[in-house]
Amino acid sequence: MSLEITRLHLASLQGIDGGRWPVHGFVVTHPGGAVLVDTGVGGPPDMLDDWRVVNRSVADALAELDMSPADIALVINTHLHFDHCGQNAVFRHAPVYVQRAELSRAKRESPELCEWFDFMNARFELLDGDAEVLPGLEVIATPGHTEGHQCVVVRGDQDGPGGPGPFDLLIGDAAYTPRQYADPDLGKLPAGQASDVPAWRESVRRVRSLHPDRVHFCHHTDIVHS
Ligand SMILES: [Zn+2]
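Predicted model, so just to flag it, every value in this text is computed and none were measured.

J.: Please set out the overall build of the protein chain residue by residue, giving values where relevant.
T.: Helix and strand content of the protein chain: 7 helices and 13 strands. Relative to the globule expectation of 17 Å for 226 residues, the C-alpha radius of gyration of the protein chain, 16 Å, shows essentially globular dimensions. Here the protein chain holds 226 residues, and the buried ones make up 51% of them. The contacts in the protein chain between residues at least 6 apart in sequence include a share of 60% that link residues at least 24 apart. Roughly 10000 Å² of accessible area belongs to the protein chain as shown, and the carbon and sulfur atoms make up 51% of that amount. Measuring between centres, the 18 positive side-chain charges of the protein chain sit 4 Å from its 32 negative side-chain charges.

J.: Residues and numbers for the nonpolar core, please.
T.: In terms of nonpolar packing, the biggest core is built from 19 residues, with Val-41, Val-53, Leu-80, Phe-82 and Phe-117 touching the most fellow members. When neighbours within four sequence positions are excluded, Phe-117 is seen to be in contact with Leu-80, Cys-85, Asn-88, Leu-103, Ala-106, Lys-107, Ser-110, Ala-122 and Phe-124.

J.: Report on the coordination of the zinc ion, specifying residues and quantitative values.
T.: Coordination of the zinc ion by the protein comes from His-79 (NE2), His-81 (ND1), His-145 (NE2) and Asp-173 (OD), over a distance range of 2.2 to 2.3 Å. Considering all 4 donor atoms around the zinc ion, the spread of angles at the metal, 92 to 171°, places the coordination shape in the irregular class. Mapping the donors of the zinc ion onto the primary sequence gives the spacing H-x1-H-x63-H-x27-D. Note that His-81 is positioned in the loop between strand S5 (72-76) and helix H3 (82-85) and His-145 in the loop between strand S9 (137-141) and strand S10 (150-155), a separation of 64 residues in sequence.

J.: Pulling in residues and values, what's your account of the sheet that holds strand S12 (residues 214-216)?
T.: Here we have 6 strands laid out as an open sheet, ordered S8-S9-S10-S11-S12-S13, and mixed in their pairing. Two strands bound the open sheet, and with one partner strand each, they are strand S8 (131-134) and strand S13 (223-225). Going across the sheet, the axis of each strand differs from the next one's by a mean of 25°, ignoring polarity.

J.: Before we move on, can you summarise the sheet that holds strand S3 (residues 34-37) with the specific residues and values?
T.: Within the open sheet, the 7 strands sit side by side as S4-S1-S2-S3-S5-S6-S7. Their pairing is mixed. The sheet is open, and its two edges are formed by strand S4 (54-55) and strand S7 (124-127), each paired on a single side. Helix H4 (residues 100-109) contacts strand S6 (96-99) and S7 of the sheet and is inclined by roughly 85° relative to S6.

J.: Quick rundown of the pattern of salt bridges? Include the residues and the values.
T.: As enumerated under the stated definition, the model contains 12 salt bridges in all. For Arg-56, the salt bridge is made with Glu-64, and the minimal N-O distance between the two is 3.0 Å. The partly exposed category is assigned to Arg-56, whose relative accessible area is 26%. One salt bridge connects Arg-214 with Asp-168, and the closest N-O pair in it is separated by 2.7 Å. Taken together, the positions of Arg-214 in strand S12 and Asp-168 in strand S11 (residues 167-170) put the pair 46 residues apart, joining distant regions of the chain. One salt-bridge network, in which partners are shared between bridges, spans Asp-185, Arg-201, Glu-202 and Arg-205.

Criteria and cut-off values
Residues numbered from 1 in each chain as written. Predicted model: local features only at pLDDT ≥ 70, side-chain atom pairs only at ≥ 80, totals over all residues. Heavy atoms only, no water. Helix = DSSP H or I, 4+ residues; strand = E, 2+ residues; numbered from the N terminus. Rg over C-alpha atoms; globule rule 2.2 N^0.38 Å. Buried < 20%, exposed > 50% of the residue type's maximum accessible area, 1.4 Å probe, protein only. Contact = heavy atoms within 4.5 Å. Areas by Shrake-Rupley, 256 points an atom, 1.4 Å probe, with all protein chains shown as cover. Lys, Arg positive; Asp, Glu negative; His and termini not counted. Charge placed at Lys NZ, Arg CZ, Asp CG, Glu CD. Core = buried A, V, L, I, M, F, W, Y, C linked by side-chain atoms within 4.5 Å. Donors = N, O, S within 2.8 Å, 3.2 Å for Na, K, Ca; no water. Tetrahedral: all angles 85-135°; square planar, octahedral: opposite > 155°, others 65-115°. Pairing = 2+ DSSP bridges. Axes fitted to C-alpha atoms, helices over the stretch in contact; angles between N-to-C directions. Salt bridge = Lys/Arg side-chain N within 4 Å of Asp/Glu carboxyl O.

What follows is the structure, given as structure tokens:
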């Protein structure tokens with residue numbers, strides 16, 4: 001069984017360095033139904049103005065893959081910032097896998113975003129740490145960017161000749177760019193990279209120690225190969 005990852009371009013916004021940053025989501029095709037990791041941008045209009053968002057509908061992005069929101073069986077949010085969960089409501093039919101700590105953080109810190117992620121009948125599957133979501137698809141808790149941030153691990157063919165195949169890491173905002181991933185001890189971090197710097201460093205060290213074959217970023221187009 002091999003899971004396929006397709007990157008969606010969901011928006012661009014003005015990054016904290018003044019440059020334009022992409023906002024990516026990822027579709028993981030799975031025999032049990034497609035999985036969407038992060039749903040793109042949504043939130044109050046003044047928030048979108050502040051970040052100078054050029055937004056796309058996630059339904060339009062899926063249409064380019066000949067998919068519709070109904071084809072998404074399950075959503076994973078790496079965390080509940082407005083550029084990662086903003087279009088969750090498009091997938092009311094699907095359970096949303098998120099860390100329990102992240103949902104409480106977001107309710108506490110971002111009440112203005114609640115109607116974008118905690119709408120009526122939102123179906124949360126609350127996780128406490130690392131978890132297997134589906135065969136070959138796992139989340140690992142990586143606190144630091146936010147208290148309940150998680151990364152997604154997509155494993156290749158487990159039974160192929162030569163043992164387990166390569167695996168991919170969808171890093172979310174655990175590292176904004178390859179630079180932060182390459183060296184978490186690098187002096188100055190971009191604003192917003194870490195709400196808890198020691199926890200963030202520990203999380204990046206942990207994901208690096210797993211030696212993912214490919215690392216995909218939410219806000220950077222490069223894929224890091226190792
Ligand atoms: Zn974030």
